[in-house]
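# Remarks on the overall topology
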Amino acid sequence: MDTLFSSEEHGGLDLAELEKSGVSPRQLTDFSVNSNPFGPAPTVKKAIQAVNLSIYPDRKSHLLRKALSAKIGVVPEHILIGNGTTELIWLTVQAFLKPDDQVVILGPTFSEYRRAANLLGARVEEARAAPPFFEPPLDRLLELIRRVKPRLVFVCNPNNPTGKYLTENGISALLTACKDRSILVLDQAYESFVNAQFFSKLPADNCLILRSMTKDFALAGLRLGYALGSQTNIKKLERFQPTWSVNAIAQAAGLAALDEIAFYQQTIQKLILEKSRFFRQLEESGAQLVDSEVHFGIMKVNQPARLVRQSFLQRFILVRDCTSFQLPQYIRVSTQQESDNLKLIDAFAKIKKE
Ligand SMILES: Cc1ncc(COP(=O)(O)O)c(C=O)c1O
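Each chain has its residues counted from 1, running along the sequence as written. Local features in this predicted model are restricted to residues of pLDDT 70 or higher, and side-chain atom pairs are both shown and tallied only at a pLDDT of 80 or more, whereas totals for entire chains, interfaces and linings draw on every residue. Side-chain calculation: all heavy atoms of the structure are included, whereas hydrogens and water are not.

Look at helix α12 (residues 261-284): 35 Å from first C-alpha to last across 24 residues, which is about the 34 Å you get at 1.5 Å a residue. Listing the buried residues of α12 in full gives I261, Y264, T267, I268, L271, E274, K275, F278, F279 and L282. Helix and strand labels come from DSSP, where a helix needs a run of H or I of at least four residues and a strand needs a run of E of at least two; each type is numbered from the N terminus. Directly beyond the C-terminal end of α12, a positive phi value near 100° is found at G286. To estimate the expected span of a helix, count its residues, drop one, and scale the result by 1.5 Å. Exposure categories follow from relative accessible area, calculated using a 1.4 Å probe and restricted to protein chains: below 20% of the type maximum is buried, above 50% is exposed, and the middle band is partly exposed.

See below:
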């Protein structure tokens with residue numbers, strides 16, 4: 001099995017990789033993906049069964065956009081529904097960047113910002129948090145923004161993979177540094193895992209907020225997200241969106257999920273409790289975890305993360321090798337339901353003894 005598994009840009013199952021190894025996806029418990037582990041609400045599953053598969057989805061996700069706008073308290077023109085937050089990241093770079101434009105990123109972080117900006121020919125600079133604590137280097141980031149005057153600034157808050165969270169004061173300092181020449185793209189894909197809030201406030205005109213209904217509502221197989229910003233910026237993103245990119249099942253799931261906010265808030269409260277228990281037990285077993293504000297976090301493994309991932313895989317557990325974040329001695333684990341978390345703790349104890 002050892003040569004078959006490689007470090008990846010993203011978590012999740014890779015069926016080709018598993019096929020080569022003879023491991024069935026059903027045998028695996030996945031700790032490499034950070035979405036809500038408590039599954040979609042029963043009414044969401046029911047709603048998607050009622051979707052008529054033979055007609056095209058609404059091109060503007062009209063009903064979902066209207067329902068979200070009512071929850072947030074803004075007109076629908078401030079919102080764009082996307083095929084996951086990832087699509088919204090790509091629409092943002094297409095709408096705002098041209099070759100040689102400057103982009104600033106707070107790292108280490110989600111790789112799609114750099115990948116998309118590079119493909120548009122932009123130049124990317126990063127202010128990077130350092131081990132062992134990975135505190136976000138806010139002063140360096142502010143200095144970089146003032147110096148290079150980027151077109152876009154990407155900040156993932158709370159951050160993937162470190163789970164660090166910038167407070168409102170930090171964000172407002174960033175907005176001040178951006179002035180009206182830079183747009184702050186605030187990826188809040190994991191915001192609800194800090195505060196159980198699924199809706200952000202309309203940001204300043206020089207800010208675009210991205211949210212992931214994929215993560216919030218356990219819809220990783222469907223993908224859904226929304227951008228929130230000024231009507232002018234939202235219109236710019238919309239111009240680049242492929243027609244019908246948000247499929248009918250995802251729209252129906254999103255709409256049904258909005259009627260189940262109390263259910264999802266309870267799942268987040270449960271997850272917050274389970275995370276404290278899981279991380280405490282891991283630490284008691286000798287894991288070197290970095291403090292995280294969310295249900296996932298990174299841990300130092302003192303040997304190549306690639307090999308540690310393989311050792312877990314031999315026990316049918318998938319963790320995220322952080323080599324692609326340039327953290328080759330760290331893995332990322334995401335809290336699951338209690339019975340699964342116990343499996344990881346057990347495997348960790350065995351791997352440590354090897
Ligand atoms: C920071 C961040 N943003 C966006 C995404 C992608 O979200 P979605 O599945 O909604 O496209 C991820 C997924 O890992 C992520 O970590």
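That covers the picture; the talk isn't over yet.
The next thing to look at is the sheet that holds strand β9 (residues 288-289). Following DSSP output, two strands are said to pair if at least two bridges run between them. Strands sit in the order β9-β10-β13-β12 across an open sheet of 4 strands; the sheet is antiparallel. Looking at strand neighbours, the two that pair on one side only are β9 and β12 (320-321), the edges of this open sheet. Note: β12 against strand β13 (residues 330-334), 2 bridges, orientation antiparallel. The partner of D321 across the bridge, within β13, is I331. Any two residues whose heavy atoms approach within 4.5 Å at even a single point are treated as in contact. In this analysis, axes come from line fits to C-alpha atoms, helices being fitted only over the stretch in contact, and the angle between any two N-to-C directions falls in the range 0 to 180 degrees. Contacts between α12 and the sheet are confined to β9, β10 (296-300) and β13, with β13 contributing the most and set at about 145° to the helix.

The next thing to look at is the packing of helix α3 (residues 62-72) against helix α11 (residues 248-258). The geometry of α3 relative to α11 is characterised by a closest axis approach of 9 Å and an angle of 25° between their N-to-C directions. What the angle tells us is that α3 and α11 run roughly parallel. Remark: the crossing between α3 and α11 carries left-handed chirality. Of the residues in α11, those in contact with L63, L64, A67, L68 and K71 of α3 are Q251, G254, L255 and L258. Orientation categories follow fixed angle ranges, with anything under 35 degrees roughly parallel, anything over 145 roughly antiparallel, 65 to 115 roughly perpendicular, and all other angles oblique. Crossings are assigned a handedness: left-handed for a near helix turned anticlockwise from the far helix by less than a right angle, right-handed for a clockwise turn.

Another aspect to go through is the nonpolar core. The criterion is simple. A nonpolar core is a set of buried Ala, Val, Leu, Ile, Met, Phe, Trp, Tyr and Cys residues joined through side-chain atoms within 4.5 Å. If you look at the biggest cluster of nonpolar residues, it comprises 52 residues, and the most contacted ones within it are V155, L174, L184 and F217. Two domains each donate at least three residues to this core, and these are domain 1 (15-39 + 262-353) and domain 2 (42-260). The residues touching L174, leaving out its near neighbours within four places in the chain, are L138, L141, L142, I145, V155, L166 and L184. Core analysis: the next-biggest nonpolar cluster, separate from the first, contains 25 residues, L88, V93, L210 and A227 among them. Here the bounds of each domain stem from an automatic or database domain assignment.

Attention now goes to the domain arrangement of the chain. In terms of domains, the chain is made up of domain 1 (15-39 + 262-353) and domain 2 (42-260). For domain 1 versus domain 2, the distance between C-alpha centres works out to 25 Å. On the domain 2 side, the residues contacting the 26 residues of domain 1 number 33 residues. Here domain 1 packs against domain 2, burying approximately 2400 Å² in sum over the two surfaces, 66% of which is carbon and sulfur. Between Lys or Arg on one side and Asp or Glu on the other, a salt bridge is scored when a side-chain nitrogen of the former is within 4 Å of a carboxyl oxygen of the latter. The interface formed by domain 1 and domain 2 holds 0 salt bridges in total. In short, buried area is how much 1.4 Å probe accessible area vanishes from two parts on joining, totalled over both.

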